[in-house]
Structures are given as C-alpha cells and as structure tokens.
Amino acid sequence: MKWLLPAIWILAILFIHFRGKVRLPLGRQFLDHSILLAPLNALMVLASRVPTTPYIASRSLPGLDTLDANWESIRDEALNLSRLQRIKAADKHDDIGFNSFFKYGWKRFYLKWYDVHHPSAQALCPRTVALLESIPAIKAAMFAELPPGSQLNPHRDPYAGSLRYHLGLATPNDDGCHIDVDGKRYSWRDGRSIVFDETYVHSAANETGANRIILFCDIERPLRWRWAERLNHWFGRVAMSAASSPNDGGDQTGAINRLTHWHWQLEQKRRAFKHWNRRAYKTTKYGLILAVIAGFVLL
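Residues numbered from 1 in each chain as written. Predicted model: local features only at pLDDT ≥ 70, side-chain atom pairs only at ≥ 80, totals over all residues. Heavy atoms only, no water.

A. Representation of the overall build of the protein chain within the structure. Within the protein chain, the regular secondary structure consists of 10 helices and 10 strands. Every one of the 299 residues in the protein chain was classed for burial, and the buried ones make up 47%. Across the protein chain, every contact between residues at least 6 apart in sequence was considered, and the portion connecting residues at least 24 apart equals 75%. Of the roughly 15100 Å² that the protein chain leaves accessible, carbon and sulfur atoms contribute 61%. (Helix = DSSP H or I, 4+ residues; strand = E, 2+ residues; numbered from the N terminus. Buried < 20%, exposed > 50% of the residue type's maximum accessible area, 1.4 Å probe, protein only. Contact = heavy atoms within 4.5 Å. Areas by Shrake-Rupley, 256 points an atom, 1.4 Å probe, with all protein chains shown as cover.)

Structural data, given as structure tokens:
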C-alpha cells in the first residue's frame, strides 16, 4: 500500500509529460514545480468537458465574446496604465507565479486574482474590472507586456484547472511577436483572441521593435463531474488565492508570496553555488533527492 501513492504520482507526472509533442527533458520534468500538482492536473485533464488540445476554440467557454467585443475600451485602459508605467515587474520579488519571468523583460498589472481583489485595479481600470466581474468563469486576469527583444523560455504552468485566454490589445501585429504552444505558433493581433492549455510546454518572444500588450486571463476549466468542479473551485479559492501578488502597497499579498522574498534570497544562493561549481551543484541536488526518496522508502 505504501507504494500506491508514489506510483500514482509518478504515473501522473509521466501522463502530463508525454501528452504533448513538445516536452521538457525528462530529468528537468521530474524537478519542475509542475510535478507537485501532477495527480490533480491529471484529474483535471481526464475530467475536462472541453477538448484537451493545445489550442481550444474560445466559443467553448462562455462569456469571452464579451471581452472580444469590448477590446478597444479594454485597450484604452491598458495603454493608460502603460503610459503611467504601472504595468511592471514585482517590486519586492513577491510574485511566486511569475518571478522568473521578469528577468526576460515580461511585465504585468493584476486586474483580478481568484478571491483576492486589487483596489488599484478598480481605481485605475474600472471598465475592464467590471467586464471581468461579469464573467464568473474568469478566475484571474492581468495586463501583460512583452517589450521588444523580450522572451519567455519553454515552460509549463503548474495547474491544469484553468485555461489561458489572450486578447491582443496593442501588439506589433507582426509574426515576429508570437507564442508557441506544443510546437504550434500563434502571433498576436489587435482585437483578436486565443485560448490555450498552459500545461502544455509553451514559450513566447517579441522579436520586433514594438511593444506588445495583451489581456491575459485564467478561465476555470469546465469539467464533466460536479464533484470535480467543486474540487477545482475549492483549490482555486484556497491555494491559488494564497499566491496573490500586489500591484502596489494598497493591494493584498497572499500568504505564499509573503514568504517569497526569503525564497528569492535562497534562489540567489542556489544560483551562485551552481555558477561556482556545476558538478558539485548537481551532485548535491541529486544527493538530496535520493535522500528524500530513501527516507520515504524507510518509513
């Protein structure tokens, strides 16, 4: 019996790993943060009421046509924020979900994050916030910038209980500004939207000389069974809300992100160790992993 849960966990990791055409190296996959939620993610995919393909037709998800129809008013609020330089990286390394993105030039301004509200968004973007609140399936939303020359390296997001919606607001309207999801490329265009499954390996790049601003939303994945929907909703309310990050000092910081400054300091020490001696770093890392596995076996 003690092997049942580890076996389920490993099978879930392999299921998520092999479901796409583009994969992270297997060694990296087993060290990626997404493995923590692998069993839950496998359940979300298997219970999905919409196609589990990399890209999904937006008509499969109710309410998104409202955002599409109002893209110009949403764009105007986003451009105002950009002029004010409010779409930016986290000030205090307190955005655990996206801390690694900022070093590549990516920026954000939160409009909504699960059950946590951002007064700054309500004050600066009332029209967009009202539109988002009118669509219950939207669990998180932000304006996201990808300046010229910026990129996001291949990665998979950690939770399959949502689907990702992108609406082009002020884009280069050029194929040099694009996202690749499981090897399939999409180039943003003003007023056009796309929905994709962010647990497939994806990357993005802006190889043009113009900025890119989009509306970025997480949409709750429709599921086949009522109990699975309740589980998904509960997890979002409890775990995902704890990862909320502020736009400024007047916004709430989730419990997880209150700890991320110490995590950031630890990460700098880890990087310094790796830079000092890569062989010693790998030996230490895999030694710790084996020690944890051995400890579990001996329980």
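B. Highlighting the pairing of strand E9 (residues 202-206). Of all the five residues making up E9, five are buried; the element is thus mostly covered by neighbouring parts of the structure. Neither face of E9 is left uncovered, since the one carrying His 202, Ala 204 and Asn 206 and the one carrying Ser 203 and Ala 205 both have all their residues buried. Relative to E9, strand E4 (residues 151-155) runs antiparallel, the two sharing three bridges. The residue of E9 that forms the bridge with His 155 is His 202. As defined by bridge partners, strand E6 (residues 177-181) adjoins E9 across five bridges and the pair is classed as antiparallel. Paired with Cys 177 across the bridge in E9 is Asn 206. (Pairing = 2+ DSSP bridges.)

C. Main features of the sheet that holds strand E1 (residues 55-56). Strand order in this open sheet of six strands is E1-E8-E5-E10-E3-E2, and the pairing throughout is antiparallel. One side of each edge strand has no neighbouring strand; the edge strands of this open sheet are E1 and strand E2 (107-113). Bridge count for strand E5 (residues 162-170) against strand E8 (residues 193-196) is four bridges, and the pairing is antiparallel. Bridge pairing in E8 links Leu 167 to Ser 193.

D. Representation of the sheet that holds E4 within the structure. Here four strands make up an open sheet; going across it, the order is E4-E9-E6-E7 and the pairing antiparallel. Each edge of the open sheet carries a strand with a single partner, namely E4 and strand E7 (184-187). Between one strand axis and the next, the sheet turns through 15° on average, direction left out of account. (Axes fitted to C-alpha atoms, helices over the stretch in contact; angles between N-to-C directions.)

E. Expanded view of the pattern of salt bridges. Tallying each qualifying case throughout the model produces 11 salt bridges. The partner of Asp 180 in a salt bridge is Arg 185, and the shortest N-O contact between them spans 2.8 Å. A network of salt bridges, in which partner residues are shared, links Asp 157, Arg 164, Glu 198 and Asp 218. (Salt bridge = Lys/Arg side-chain N within 4 Å of Asp/Glu carboxyl O.)

F. Examining the nonpolar core more closely. Formed by 37 residues in total, the largest nonpolar core has its most connected members in Tyr 55, Phe 98, Trp 106, Trp 113, Met 142, Ile 179 and Trp 188. Contributions of two or more residues to this core are made by helix H3 (38-46), E2, strand E3 (138-145), E6, E8, strand E10 (213-220) and helix H8 (226-240). With near-sequence residues (within four places) excluded, Trp 106 lies in contact with Phe 98, Phe 101, Met 142, Ala 144, Glu 145, Leu 146, Leu 152 and Arg 212. Residues Val 50, Leu 67, Trp 71 and Ala 141 belong to the second largest nonpolar core, which totals 31 residues. (Core = buried A, V, L, I, M, F, W, Y, C linked by side-chain atoms within 4.5 Å.)

G. Geometry of the side chain of Arg 221. Its place among the elements puts Arg 221 in the loop between E10 and H8. Within the structure, Arg 221 has its side chain in polar contact with the side chain of Ser 48 (distance 3.2 Å). In contact with Arg 221, not counting residues within four places along its chain, are Met 44, Ser 48, Thr 52, Ala 160, Gly 161, Ser 162, Leu 163, Asp 197 and Asn 232. (Polar contact = N/O pair within 3.5 Å; in protein donor to acceptor, adjacent residues only side chain to side chain.)

H. Spatial organisation of a nonpolar patch on the surface. Taken together, Trp 9, Ile 10, Leu 26 and Phe 30 make up a surface patch of nonpolar side chains, about 330 Å² in accessible area. Mapped onto the fold, Ile 10 is located in helix H1 (residues 4-18). (Patch = residues over 30% accessible without salt bridge, like charges linked within 9 Å, V, L, I, M, F, W, Y side chains within 5 Å.)

I. Expanded view of the environment of Thr 52. Its location among the elements puts Thr 52 in the loop between H3 and E1. Given a relative accessible area of 31%, Thr 52 falls into the partly exposed group. As a C-alpha pair, Thr 52 and Arg 19 span 33 residues in sequence and 9.5 Å in three-dimensional space.

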